[in-house]
Amino acid sequence: MKLLVTGGTGFIGSHTVVALIEAGHEVVIVDNLVNSQRNVVTKIKRITGVKPLFYKVDVAHEKGLRKVFSEHKFDAVIHFAGLKAVDESVEKPLMYYRNNLDSTITLLELMREFGVKNILFSSSATVYGTPKRVPLKEEDPIGGTTNPYGTTKLFIEQILMDFVAANPGFKAVSLRYFNPIGAHPSKLLGESPSDIPNNIMPYISRVANGKLSHLNVFGDDYETPDGTGIRDYVHVMDLAYGHLLALKAFEFDHAYNVYNLGTGKGTSVLELVHLYEKANRLKIPYVIGPRRSGDIAESFADISKAKTELGFVPQYTVKDACRHAYLFEKKQK
Ligand code: NAD
Ligand code: UD1
């Protein structure tokens with residue numbers, strides 16, 4: 001297939017582009033580089049031998065994106081582009097609504113105009129709000145998001161549903177990611193935020209590499225076996241293959257479809273720390289602190305729908321992801 005990948009130089013996008021190219025798809029990347037770097041394109045070439053075409057374009061800018069659509073005939077779009085920092089979204093909600101919603105609406109308008117009928121969208125487990133039960137299933141209620149970032153995901157899922165309902169022949173698939181971690185085994189691609197990381201894995205990797213002194217564990221008084229928060233950590237390469245498999249969903253009858261992408265297994269903060277220590281034969285100093293506001297005790301996926309319908313079976317362990325994340329961070333300045 002010929003695919004337009006928005007946000008394709010970002011963390012999950014870049015790994016997915018590798019998986020797509022390796023499977024023989026043709027990829028065109030559009031990214032405004034607000035949270036990634038152009039040299040990712042060269043790194044993709046080093047891994048796959050193929051340099052995807054790259055456009056530095058803001059997906060919310062109709063003129064720039066129109067040029068891309070008029071120069072290529074795409075079979076489908078994979079839409080990663082978006083802002084994703086939870087705290088920043090609380091401080092600057094309009095920036096998040098403007099960027100994430102405008103970019104999606106502009107993209108859908110051009111898809112309709114140019115007859116590009118299929119879209120895969122990067123949604124998040126955050127749309128489930130505070131889970132009533134775990135594991136989370138796709139049919140569980142969504143809503144009750146606790147920050148504007150999460151609410152953009154909820155709104156975009158609704159926009160996609162309305163769009164395909166109004167435009168027969170168009171199909172949309174929302175992939176609800178749980179907690180993506182790790183890096184490409186080549187150490188060329190990974191996640192290294194420019195500020196102090198908010199998410200646990202890049203934070204631990206900075207501690208492991210001596211760039212931060214210790215991990216602050218956000219609470220050990222949750223109703224979980226060791227009192228720390230439980231999440232479903234999925235290796236970013238497994239997530240990448242999940243997108244490859246999800247392209248199959250465009251052949252199904254549903255105009256709108258949703259899949260959880262996780263591993264189906266929860267890991268606590270302290271278990272993660274210990275796996276990281278074992279994987280890399282080092283110690284992670286940590287201090288137990290108060291809970292982080294907005295955090296939930298436990299979130300992990302039921303992935304049986306993705307397994308049965310798409311053949312999604314994660315191959316990497318959390319320990320593998322700890323190893324890859326460490327090695328990637330070690331290479332960063
Ligand atoms: P990322 O920031 O590394 O990648 C997003 C990319 O989109 C970046 O390269 C950024 O430059 C680009 N971008 C942002 N706004 C743009 C715009 N208007 N036009 C063009 N490019 C734009 O983030 P990621 O972790 O790779 O996440 C990819 C997608 O998955 C995002 O939509 C994110 O919200 C979603 N998601 C991520 C996680 C996670 O834990 N990383 C979890 C659930 C969902
Ligand atoms: C967070 C976001 C979520 C977003 C996801 C991916 C919040 C409340 N949720 O999910 O909306 O989709 O990132 O970007 O921010 N932890 C520590 N110490 C740290 C960092 C984290 O103990 O320094 C703990 C957390 O309390 C949690 C677990 O580690 O139990 C995972 O945290 P994190 O990586 O931030 O992901 P989520 O909170 O699941």
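What counts as what
- Residues numbered from 1 in each chain as written.
- Chains lettered and ligands numbered in written order.
- Predicted model: local features only at pLDDT ≥ 70, side-chain atom pairs only at ≥ 80, totals over all residues.
- Heavy atoms only, no water.
- Helix = DSSP H or I, 4+ residues; strand = E, 2+ residues; numbered from the N terminus.
- Rg over C-alpha atoms; globule rule 2.2 N^0.38 Å.
- Buried < 20%, exposed > 50% of the residue type's maximum accessible area, 1.4 Å probe, protein only.
- Contact = heavy atoms within 4.5 Å.
- Areas by Shrake-Rupley, 256 points an atom, 1.4 Å probe, with all protein chains shown as cover.
- Lys, Arg positive; Asp, Glu negative; His and termini not counted.
- Charge placed at Lys NZ, Arg CZ, Asp CG, Glu CD.
- Phe/Tyr/Trp six-rings, centres within 6.5 Å; stacked < 30°, edge-to-face > 60°.
- Pairing = 2+ DSSP bridges.
- Axes fitted to C-alpha atoms, helices over the stretch in contact; angles between N-to-C directions.
- Arc of directions from axis to C-beta.
- Patch = residues over 30% accessible without salt bridge, like charges linked within 9 Å, V, L, I, M, F, W, Y side chains within 5 Å.
- Salt bridge = Lys/Arg side-chain N within 4 Å of Asp/Glu carboxyl O.
- Near = heavy atom within 4 Å.
- Polar contact = N/O pair within 3.5 Å; in protein donor to acceptor, adjacent residues only side chain to side chain.
- Nonpolar A, V, L, I, M, F, W, Y, C, P; charged D, E, K, R; others polar.

Trainee: Please clarify how the overall build of the chain should be interpreted in this entry.
Mentor: Per the secondary structure count, the chain includes 11 helices and 13 strands. Relative to the 2.2 N^0.38 estimate, which gives 20 Å for 333 residues, the radius of gyration of the chain is 19 Å and therefore close to what a compact globule would have. By its C-alpha atoms, the chain is 55 × 45 × 40 Å across when sized along the principal axes. The proportion of buried residues among the 333 residues of the chain is 56%. Across the chain, the fraction of contacts at a sequence separation of at least 24, relative to all contacts at a separation of at least 6, is 78%. Of the roughly 14800 Å² of accessible surface on the chain, 51% is carried by carbon and sulfur atoms. Both charge centroids of the chain, one from 40 positive and one from 36 negative side chains, sit 7 Å from each other.

Trainee: Explain the packing of aromatic side chains here, please?
Mentor: Here the distance between the centres and the angle between the planes together describe a pair of aromatic rings. For the structure shown, the criterion picks out six aromatic pairs. An angle of 90° between the planes, with centres 6.4 Å apart, marks the rings of Tyr-276 and Tyr-326 as edge-to-face. One end of the pair, Tyr-276, is in helix α9 (residues 269–280); the other, Tyr-326, is in helix α11 (residues 318–331), with 50 residues separating them in the sequence. Relative accessible area serves as the criterion here: at 11%, Tyr-326 is assigned to the buried category.

Trainee: Is there a simple way to think about the sheet that holds strand β5 (residues 118–124) in this case?
Mentor: Note: strands within a sheet are paired through backbone hydrogen bonds, in either parallel or antiparallel orientation. In space, the seven strands of this open sheet follow the order β3-β2-β1-β4-β5-β6-β11, with parallel pairing throughout. Strands with a single pairing partner mark the edges of an open sheet, and in this sheet they are β3 (53–56) and β11 (256–261). If you compare each strand with its neighbour and ignore which way they point, the axes differ by 20° on average. Inspection of the sheet shows strand β1 (residues 2–6) paired to strand β4 (residues 76–79) by four bridges, in the parallel sense. Its bridge partner being in β4, Val-5 is matched across the sheet by Ile-78. Contacts from helix α1 (residues 11–22) reach β1, β2 (26–31), β4 and β6 (171–177), with the element oriented near 165° to β2. Strands β1, β4 and β5 of the sheet are contacted by helix α5 (residues 93–114), whose axis makes an angle of about 180° with β4.

Trainee: Would you take a moment to explain unusual backbone geometry for this structure?
Mentor: With glycine set apart, most residues show a phi of negative sign, and most peptide bonds adopt trans. In this chain, Val-134 is followed by Pro-135 through a cis amide linkage whose omega measures -5°. With phi around 70°, Lys-187 is a residue other than glycine that occupies positive phi space. Non-glycine residue Arg-281 carries a positive phi angle of around 50°. Take Arg-281: its relative accessible area is 81%, and that puts it in the exposed class.

Trainee: Looking at this structure, how should I read helix α3 (residues 62–71)?
Mentor: Because each turn of an α-helix spans 3.6 residues, side chains separated by three or four positions in sequence point in the same direction. Those residues of α3 that sit buried are Leu-65, Val-68 and Phe-69. The buried residues of α3 occupy one face: seen down the axis, they fall within an arc of 95°. Seen from the open side of α3, the exposed residues pointing more than 90 degrees away from its buried face are Lys-63 and Ser-70. Buried positions along α3 lie against β1, β2, β3, β4 and α5.

Trainee: Would you mind showing me how to read a positive patch on the surface here?
Mentor: Side chains of Arg-46, Lys-187, Lys-278, Arg-281, Lys-319, Arg-323, Lys-330 and Lys-331 sit close together on the surface and give a patch of like positive charge. The leading source of residues in the positive patch is α11, at four residues.

Trainee: Teacher, can you tell me more about the site of ligand 2 here?
Mentor: Taken together, 19 residues form the shell around ligand 2, and within it Ile-200, Asn-216, Arg-231, Arg-292 and Asp-295 come nearest. The side chain of Ser-124 places a nitrogen or oxygen atom 3.3 Å from an oxygen atom of ligand 2. At a separation of 2.7 Å, a nitrogen atom of ligand 2 approaches a polar backbone atom of Asn-216. When isolated, ligand 2 has an accessible area of 740 Å², and the protein chains bury 89% of it. Of all the elements, strand β8 (residues 215–218) adds the most residues to the shell around ligand 2, at four residues. Class assignment for the residues of the shell around ligand 2 results in eight nonpolar, eight polar and three charged.

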